[in-house]
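Architecture and fold: a report
Read off the chains here:
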Amino acid sequence: MPNNSYSRRRFFNQPLFNQPSRAFLAFIALLITATVSGCAAVPLKEAGTLASYSNLGPSKGTLAKKRLYVDGQQLARVRTVAIVPTVFSFSAASKIRYEVDRSLVSNALDRALCVALSDKYQMVPAGQPADLTVRSVVADIVLTNKAAAGVATVLSVGSGFALPVSVPRLPFGLGGLAIEAEALDAAGVQNAAMLWARGANSIQDKPRVSEVGDAYGLATKFAADFSQVLIAGKEPKGLNLSLPSKQRARSWLGGKPKYAACDAFGRAPGLLGALASKYGAPPQWTEKKPKPAMTR
């Protein structure tokens, strides 16, 4: 019969359980605990550009805060949609030093919105007659701390080689975004509107070494939320777990969009962009510029 005391001593003297390994695992456990609640706080903010704020409901949401209005009966009549290129409020624009960074965020938002709405509507270029015109304004932005993002990337990628899973992102220097948007019919009547705000969090948002790294990713999350409202014609209930359509998947991979109007906002970076994101590369390294014929 084996000596249980000797077996236990032998097991716990293995390298995995020596003092340095224990300290490292304790550090990882503490880091995970600290980052679970790590999230940039971004309040809802009015930029003063909506046709009306009186129809908006109360603030809701956990990850993203929202105030919403939607007229499903009016949206049921819509066949064609145009997207006015996203702009920044003066206060939001003044926080970003470079125009190229503002364009990264606005193009990502408009492209994601255009591709998503293509599932139901015919998308036409801005300025052409449409049943519905969608316009969005970045009301506020919290810049990503590039140094913190760089450290978080090194820790995350490095831990991926040493551990079965990567360490969550450090809860420091996280960015955020606040947006207001509305959809107006041909007569200028508001059919839907949304105030939206969300901060990056340690679990879901990968660090990118760019001041607008988090805002760039959050812009697509806003587009997903607002497009879901416009397509359904009502406030969404719970998570949308449906698979992406064929045209949406093709566009995500950087392929030709369903409607040429979406080319005004450039093609998605696709798999190259996903790989660059994993290693913390700035989004401008892989972002594809709009076609010259469709530039703003």
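Residues numbered from 1 in each chain as written. Predicted model: local features only at pLDDT ≥ 70, side-chain atom pairs only at ≥ 80, totals over all residues. Heavy atoms only, no water.

On to the packing of aromatic side chains, then. One pass over the full model with this rule turns up 2 aromatic pairs. On the numbers, 5.6 Å between centres and 70 degrees between planes, the contact of Trp 196 with Phe 222 is edge-to-face. In this pair, Trp 196 sits in strand β6 (residues 190–199) while Phe 222 sits in helix α7 (residues 213–232), placing the two residues 26 residues apart along the sequence. With respect to burial, Trp 196 and Phe 222 carry one shared label: buried. Ring centres of Phe 222 and Phe 226 lie 5.7 Å apart, and the angle between their planes is 20 degrees; on these two criteria the pair is classed as stacked. Note that Phe 222 and Phe 226 are positioned in helix α7 at a spacing of 4 residues, about one turn of the helix. Given the relative accessible area of 0%, Phe 222 is considered buried. One aromatic cluster is present, formed by Trp 196, Phe 222 and Phe 226 through successive ring pairs. A cation over a ring is seen here: Lys 278 above Tyr 279, with NZ or CZ 5.9 Å from the ring centre. (Phe/Tyr/Trp six-rings, centres within 6.5 Å; stacked < 30°, edge-to-face > 60°. Helix = DSSP H or I, 4+ residues; strand = E, 2+ residues; numbered from the N terminus. Buried < 20%, exposed > 50% of the residue type's maximum accessible area, 1.4 Å probe, protein only. Lys NZ or Arg CZ within 6 Å of the ring centre and 35° of its normal.)

A few words on α7. An α-helical turn contains 3.6 residues, so any two residues separated by three or four positions project in the same direction. Over its 20 residues, α7 extends 30 Å from the first C-alpha to the last, a length consistent with the 28 Å expected when each residue adds 1.5 Å. After α7 finishes, the residue Gly 233 shows a positive phi value of roughly 75 degrees. (Expected span 1.5 Å × (residues − 1).)

Along the chain, Met 123 falls in strand β3 (residues 122–124). Taking the relative accessible area as the measure of exposure, Met 123 reaches 4% and is therefore buried. Excluding residues within four positions of it along the chain, Met 123 makes contact with Val 81, Ile 83, Cys 114, Leu 117, Ser 118, Tyr 259, Ala 261 and Cys 262. (Contact = heavy atoms within 4.5 Å.)

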